[in-house]
Amino acid sequence: MASEAVYTHRDPMLKKRDDFEDILEERRNSSDLRYALRCYIPVLYKELTPCKASELKSMVLQSDQLRYVINQLQQAIHEHPVVLLPSHRSYMDFLLMSYILYTYDLALPVIAAGMDFMAMKFVGEMLRMSGAFFIRRSFGGDKLYWAVFSEYVKTMLKNGFAPVEFFLEGTRSRTCKSLTPKLGLLNIVMDPFLKGEVFDVSLVPVSISYERILEEALYARELLGVPKPKESTSGLFKARKVLSEDYGSIHVYFGQPVSVRSLAQNRVDRCQFNLIPRHIPRKPGEDIHSFVNDSAYRLVRAQEENMVLKPWVLLASLLLQNHHQMQVAEQKQGMALDELTEQAVWLRDLSRQYGAFLHWPDHVSPSEAVSSSLSLHRGLVRISEGRVQLALEQAGGQTRPGEPCSAVTPEEELLNQAVIILSCASYRNQALHIFLRPALLASAIHTASSSNKQEVYNSFSFLRNMFSNEFILCPGATVQDFEEACYLLVKTGVLQINQQEFVVTERGHRTLGFLTRMLDPFLQGYQVVCRFLCEDATEGLTEKQFVPAVRKFIIRHILTGRLRYTEVLSSDLQKNSLAALLRLGAVQKLKGGEEQGTLKVNKVMVNSLEDTLGGKLPTQKAVVARL
Amino acid sequence: MKWNGWGYSDSRFFFNKKGQAEFTGRRYRLSGLIIPGLKDWFESTFGASLQHKTPATVSPILNSSAVQPPTLNEAFVEELKSTGIPLSHDAEDRVFRAHGHCLHEIFALREGKFGRVPDMVVWPNCHNDVVKIVELACKHNVCLIPYGGGTSVSSALECPPEETRSIVSLDTSQMLNESGYCTGHEPDSMEFSSLGGWVATRASGMKKNVYGNIEDLVVHVKMVTPQGVIEKSCQGPRMSTGPDVHHFIMGSEGTLGVVTEVTMKIRPMPEYQKYGSVVFPNFEQGVACLREVARQRCAPASIRLMDNEQFKFGHALKPQVSSIFTSFLDGLKKFYITKFKGFDPNRLCVATLLFEGDREKVLQHEKQVYDIAAKFGGLAAGEDNGQRGYMLTFVIAYLRDLGMDYYVIGESFETSVPWDRVLDICRNVKARIIRECKDKGVQFSPLSTCRVTQTYDAGACVYFYFAFNYRGLSDPVHVYEQVEHAAREEILANGGSLSHHHGVGKLRKEWMRDTVSKVGMGMLKSVKDYVDPNNIFGNRNLL
């Protein structure tokens, strides 16, 4: 049992981890009947139980002194309205939160869930009974809907009937990267404080990390354009097979409650609400908007920081990088097991230095840790002749066992491989927030025309700006991020700064190489999207047509060998890059009339962005200024 | 009068040898009585103990050598002497007029610390005397600070430390004569404050529902300014002659001149007076009831709603009862309310009422108000509770002096707020006080209580009491000021006003610009610049 492991107390991170508690232990030791009798919402838990037992090897609940934090939460609920903000990676999130709060006799939260869940027969009802209420995914124009909905949430908060729970990211992240936070609900829950209707509101970021995600392959397919199946109960039952597999452990970390009052201190002038009756809804002003936005980023970053990383996350990163390198060199696929282990240990130490909350089983030898991780994810990796490689060749046969292999076109084969690659990438993505800032700096050093600090900064700032739809980068924090990246790289002996010049140390090349390779798929992806817009985009391309068209373009490129990163096929990346280009004004979306949603491309600008991304053009001052 | 505490020298609270509280003197209803509940309330509320005393470090007799010698403008003094107006530069007279009743002012006096005090005190007897004084002050460039009753709680009487000219305190308190009518204006400080002071601070009295606030009571004002005398030509009850010049005077806080004559409305003494009280199960219901009373415009001369803490505070001031019968009745009442009616003793709150007028109308009015209260779950709780509530406001300042003998410091402050925000402001400001005290290292939980003390069509005046035990703090006054500052910010953030009737003075000056806008500030400044270009009335209040 992971929680029983003996850790040294030198590392505060380990100390933090010591406090995990296995909340299923009791459950495993008691009979089902006794357990069923404990439930006071039997429908929910009867359904849930069979899933749980087979699905979870261990489930671990963490906090600084578990009881203490639970008490703190209890107290927080008692003192001020509490808003729980879990990360959203799986359907399971809903049930897990309610389950944990129920286990610890805390008030069950009311949960804002997407409308589409309600359509699921049994499960919708189950979610509702566990406290969910359903909201439409978008209700931009419907004022009445908005009014009723926001009043419901505010009433819950003001009267303190129950904690409110919703997902800052708005939807499940298919890529395991945190999504740019949505502000609507956060606005609603902050409103009662800003208008003085409650003294304070406590926001609790909750990080739920899955060792293996239930929807892993489903997400990859969705990203590749196989449409998301309508949420249906029969679909869930068909998917029962997956429940008999081993999904490793789930970590739930309740972060420190954040008081909205202290966030707003010296930030928001609450007097602005004095002159208008508070029941009249008003669009939040610029200052409120930026306050809520900043808070949202802060909370998402808090979620990220408390995400537990498993060894597999590091292995997936290494295997992906290796896969692409081998592809270029056209060498034998795969990596020797002992080499992988060596690299994993190196990366483990590096990520710890960068502050990763890594759950590496220190009580077993590294090779054991590696092989147990690999066996958990045996759908994604193959071990043959002592070499580890991504399970690409079998991918086709596995998904369609009935069909003869000859029917598989190169395109289909590519898509089947992409499922595996994207699944792996989603695990790699879990570690991105650890390496993101140093990686941006590494890439900036790589692309900048000189190693002058200012040049590198310009380049860094360009990349950061370019990727701010892709990763969680707090708006307006470029300088802090740059300094954080410099600090980490200098601290780990990768860089030295001599008189405003960056000098890469001898042993720094390995780290820098790893970091640039981490970001490279994204760089290439954005470039290829730019190239598509310059070369291949037809006149009158609409936003809806964009993803299919760019996908075709990319498939062509990959098949002809001009692009090596299969993961660029992810529609998430394509949409994010379009959003970035729209934000930068390189592409415009026409509004109104017949041309609604048509994209108008500024080819000169897109071209220059592409070149800058590829390091062909220096980060011009002009470009930076325009950004 | 005390020079380092509130009120008459003969009236004060103390704990006798048995540890029971007593109030000395014979001026008040409580005078000479034993108040058995006060000690327990005091100890349990503040965590204070009678063992831990902090008596004033200086004796009741003022040590004049500790006061700075006066800076006199000889030419001014010479000319003034020739007019025959009484004057003094005696240390005691000067110290007495150097302060109001803010906590930090009294605390400093008790420790025998004196900052800048006026260099001289003059006592004009009539309008013409004032005209002469102001003329001479202009001629010799002397700073004048008008003084009324010295009950200010806005640091308005503090001498600006940066003032280098000779400061003359112009005491107007002797200029009022009695004549057997009533004006109906009864601020809590009315025994000590002065008419000129009421006008200069835009005061409010507790019976404003019948008689009005000062701006409703004043018919005519005469003020002496460095530019000459300002007054109206007639006593018409209302005029449409541009902005009312009286409103430059009311609330000018001594920055423009000296109010020398005020014509006020007077009313016959009321034939009949009756106190009353209503208990509500909680504060929310109470506020709803007061709002309904305001909506129906049937508020009695005074209606106040005390929260639970203040109700308990008032209860602790119950004097010892003489007969077993009354104590039995009290017990029965308590049983009825808490057990039979199910009111939670830690949530219930009480409204105190005062009716005035002819007997028949008072009784009718009373019924109307009790009927409204019943709709909000209110139970009539007798005259006695009501009267005690009002007594609390007259003795609260004496109680503060008692607290200061035992490590407890406190203060009151007020605001006005629209009806829909009354509950929110009460909750948030009280919570903010408690949180700030905790953050600032106060070891004991503070008393943080409020009452809705006046009702208007559009809102209410809310009055906060805040006190804490400062044992373990090195600079209690500073902590106190930080907490009060935070509380005021909270008030403003919750839609409350900067002040309902205490005024701005120097204490709340920093928020004036936000309160009246930049243009508003400019308007006030330009009036000051025209009326008093050399800043003769240099107390630096308000602007």
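Residues numbered from 1 in each chain as written. Chains lettered and ligands numbered in written order. Predicted model: local features only at pLDDT ≥ 70, side-chain atom pairs only at ≥ 80, totals over all residues. Heavy atoms only, no water.

The name given to chain B in an unreviewed UniProt entry is Alkylglycerone-phosphate synthase, with the source organism recorded as Amphiprion percula. The record held by UniProt for chain B lists under Sequence similarities (unreviewed entry) the comment "Belongs to the FAD-binding oxidoreductase/transferase type 4 family." (UniProt positions renumbered as here; feature names shortened; annotations may be inferred.)

Looking at an unreviewed UniProt entry, one finds chain A named Glyceronephosphate O-acyltransferase, with Amphiprion percula as its source organism. Reading the Pathway (unreviewed entry) entry of the UniProt record for chain A gives the comment "Phospholipid metabolism." Looking at chain A in UniProt, the text filed under Subcellular location (unreviewed entry) is "Membrane".

Engineer: So what exactly am I meant to see when it comes to the interface of chain A and chain B here?
Structural biologist: Reports of interface size often rely on the accessible area that becomes lost once the parts have come together. Opposite the 16 residues of chain A that make contact, chain B presents 13 residues. Of the roughly 1200 Å² buried at the junction of chain A and chain B (both faces included), carbon and sulfur atoms supply 34%. There are five salt bridges connecting chain A and chain B. Taking the shortest distance from any N to any O, the salt bridge between Glu-490 of chain B and Arg-270 of chain A comes out at 3.0 Å. If you look at where chain A meets chain B, you find 12 residue pairs in polar contact (both at pLDDT 80 or more). In the side of chain A that touches chain B, the residues fall into five nonpolar, five polar and six charged. (Contact = heavy atoms within 4.5 Å. Buried area = accessible area lost by both parts, 1.4 Å probe. Salt bridge = Lys/Arg side-chain N within 4 Å of Asp/Glu carboxyl O. Polar contact = N/O pair within 3.5 Å; in protein donor to acceptor, adjacent residues only side chain to side chain. Nonpolar A, V, L, I, M, F, W, Y, C, P; charged D, E, K, R; others polar.)

Engineer: What should I look at first to understand the packing of aromatic side chains in this one?
Structural biologist: To describe a pair of aromatic rings, one takes the distance between the centres and the angle between the planes. Going through the model one piece at a time under the given rule, you end up with 31 aromatic pairs over all chains. Arranged with centres 5.8 Å apart and planes meeting at 85 degrees, the rings of Trp-346 of chain A and Phe-514 of chain A form a pair that is edge-to-face. Note that Trp-346 of chain A is positioned in helix H16 (residues 337–353) and Phe-514 of chain A in helix H23 (residues 508–536), a separation of 168 residues in sequence. In this structure, Trp-346 of chain A and Phe-514 of chain A share a single accessibility class: buried. Plain terms: the ring middles of Phe-15 of chain B and Tyr-406 of chain B are 5.4 Å apart, the flat faces sit at 75 degrees to each other, and that makes the pair edge-to-face. In this pair, Phe-15 of chain B is assigned in strand S1 (residues 13–15) and Tyr-406 of chain B in the loop between helix H14 (383–404) and strand S15 (408–418), connecting sequence segments 391 residues apart. Comparing Phe-15 of chain B with Tyr-406 of chain B, the two get one shared label, buried. Of note, Arg-261 of chain A hangs over the ring of Phe-199 of chain A, and the distance from its end group to the ring centre comes to 3.8 Å. The ring centre of Trp-360 of chain A lies 5.3 Å from the NZ or CZ of Arg-348 of chain A, which sits over that ring. (Phe/Tyr/Trp six-rings, centres within 6.5 Å; stacked < 30°, edge-to-face > 60°. Helix = DSSP H or I, 4+ residues; strand = E, 2+ residues; numbered from the N terminus. Buried < 20%, exposed > 50% of the residue type's maximum accessible area, 1.4 Å probe, protein only. Lys NZ or Arg CZ within 6 Å of the ring centre and 35° of its normal.)

Engineer: For this particular structure, what's the right way to read the domain arrangement of chain B?
Structural biologist: All names here are of chain B. Considered domain by domain, chain B is made up of domain 1 (69–105 + 115–171), domain 2 (195–269) and domain 3 (270–394). The gap between the C-alpha centroids of domain 1 and domain 2 is 23 Å. Listed by partner, the interface residues are seven residues for domain 1 and 10 residues for domain 2. Carbon and sulfur atoms make up 81% of the area that domain 1 and domain 2 hide from each other, which totals about 720 Å². By the criterion of area lost to domain 2, the three top residues of domain 1 are His-127, Val-134 and Pro-146, representing 57% of everything that side buries. (Domains from an automatic or database assignment.)

Engineer: I would appreciate a short explanation of a negative patch on the surface in the present structure.
Structural biologist: On the surface, Asp-269, Glu-286 and Asp-287 of chain A together with Asp-514 of chain B cluster together into a patch of negative charge. Locating Asp-514 of chain B in the fold gives a position in helix H17 (residues 512–531). With relative accessibility at 68%, the residue Asp-514 of chain B sits in the exposed group. (Patch = residues over 30% accessible without salt bridge, like charges linked within 9 Å, V, L, I, M, F, W, Y side chains within 5 Å. Areas by Shrake-Rupley, 256 points an atom, 1.4 Å probe, with all protein chains shown as cover. Lys, Arg positive; Asp, Glu negative; His and termini not counted. Charge placed at Lys NZ, Arg CZ, Asp CG, Glu CD.)

Engineer: I would appreciate a short explanation of the pattern of salt bridges in the present structure.
Structural biologist: One pass over the structure, following the stated rule, counts 53 salt bridges over all chains. Two residues, Glu-43 of chain B and Lys-39 of chain B, come together in a salt bridge whose shortest N-O distance is 3.6 Å. You can see Glu-43 of chain B and its partner Lys-39 of chain B sitting in helix H1 (residues 37–46), four residues apart, about one turn around the helix. Accessibility expressed as a relative area gives 23% for Glu-43 of chain B, which makes it partly exposed. Look at Lys-39 of chain B and you get partly exposed, because its relative accessible area is 24%. Sharing partners across several salt bridges, the network here consists of Arg-261 and Arg-270 of chain A together with Arg-432, Glu-436, Lys-440 and Glu-490 of chain B.

Engineer: What's the story with the domain arrangement of chain A in this structure? I'm lost.
Structural biologist: All names here are of chain A. Along its sequence, chain A is carved into domain 1 (56–305), domain 2 (311–432) and domain 3 (433–626). Taken over C-alpha atoms, the centre of domain 2 sits 25 Å from the centre of domain 3. Between domain 2 and domain 3, the contact holds 31 residues from the first and 27 residues from the second. When the two sides are added together, the surface that domain 2 and domain 3 hide from each other amounts to roughly 2700 Å², 69% of it contributed by carbon and sulfur. When the buried surface of domain 2 facing domain 3 is broken down by residue, Gln-321, Tyr-354 and Leu-432 rank first, second and third, together holding 29% of it. Between Arg-428 and Glu-567 there is a salt bridge, with the nearest N and O atoms lying 2.9 Å from each other. On the surface where domain 2 and domain 3 come into contact, there are 12 residue pairs in polar contact (both at pLDDT 80 or more). When residues of the side of domain 2 that touches domain 3 are traced back to their parent elements, those giving at least two are helix H15 (311–329), H16 and helix H19 (410–430). For the side of domain 2 that touches domain 3, the element with the highest residue contribution is H19, accounting for 11 residues. Taken together, the residues of the side of domain 2 that touches domain 3 break down into 17 nonpolar, 11 polar and three charged.

Engineer: Can you help me understand the sheet that holds S15 of chain B in this one?
Structural biologist: Within a sheet, adjacent strands bond to each other through the backbone by hydrogen bonds, running parallel or antiparallel. All names here are of chain B. Strands sit in the order S14-S11-S13-S12-S16-S17-S15 across an open sheet of seven strands; the sheet is antiparallel. Looking at strand neighbours, the two that pair on one side only are strand S14 (379–380) and S15, the edges of this open sheet. Across two bridges, strand S11 (residues 272–280) lies against S14 in antiparallel orientation. Along S14, the bridge assignment pairs Val-278 with Ala-380. Each of S11, strand S13 (349–357) and S14 is contacted by helix H13 (residues 359–375), which is oriented at about 10 degrees to S11, the strand it contacts most. On the sheet, helix H16 (residues 476–493) packs against S15 and strand S17 (459–469) and is oriented at approximately 10 degrees with respect to S15. (Pairing = 2+ DSSP bridges. Axes fitted to C-alpha atoms, helices over the stretch in contact; angles between N-to-C directions.)

Engineer: Just to check I follow, could you spell out the confidence of the model for chain A for this structure?
Structural biologist: Any segment with low pLDDT has predicted coordinates that should not be analysed in fine detail. Confidence in the prediction for chain A averages 79 pLDDT; 78% of positions are at 70 or higher. Predicted confidence for residues 31–58 of chain A stays below pLDDT 50, and this span has 50 contacts to residues more than four positions away or in other chains. (pLDDT = per-residue confidence, 0-100.)

Engineer: So what exactly am I meant to see when it comes to the nonpolar core here?
Structural biologist: Where a protein is soluble and globular, its nonpolar side chains tend to be buried together. Ranked by size, the top nonpolar core spans 129 residues in total, and within it Phe-254, Trp-312, Phe-435, Leu-441 and Phe-546 of chain A carry the most contacts. Among the elements that line this core, the one with the most residues is H23 of chain A, at 14 residues. Those residues in contact with Phe-435 of chain A, other than ones at most four positions away along the chain, are Leu-347, Leu-350, Ser-351, Tyr-354, Phe-514, Leu-515 and Met-518 of chain A. One finds Trp-3, Ala-294, Ile-372 and Trp-419 of chain B within the second-largest nonpolar core, a separate group that totals 60 residues. (Core = buried A, V, L, I, M, F, W, Y, C linked by side-chain atoms within 4.5 Å.)

Engineer: It is not clear to me how the UniProt feature "binding site: substrate" (unreviewed entry) in chain B should be interpreted in this structure. Could you clarify?
Structural biologist: Residue and element names in this part refer to chain B. In the numbering adopted here, UniProt assigns the feature "binding site: substrate" (unreviewed entry) to Arg-400. Positionally, Arg-400 belongs in helix H14. Residue classification places Arg-400 among the buried residues on the basis of a relative accessible area of 15%.

Engineer: Quick question: what am I supposed to make of unusual backbone geometry here?
Structural biologist: Peptide bonds are trans in most cases, and residues, glycine excluded, mostly fall at negative phi. Residue and element names in this part refer to chain A. Notably, Cys-176 is not glycine yet its phi reads approximately 70 degrees, a positive angle. Here Cys-176 is to be found in the loop between strand S6 (164–165) and helix H9 (184–194). On the accessibility criterion, Cys-176 (4% relative accessible area) is buried. Phi at Asn-266 is positive, roughly 60 degrees, even though this residue is not glycine. Among the secondary structure elements, Asn-266 is positioned in the loop between helix H13 (260–264) and helix H14 (286–305).

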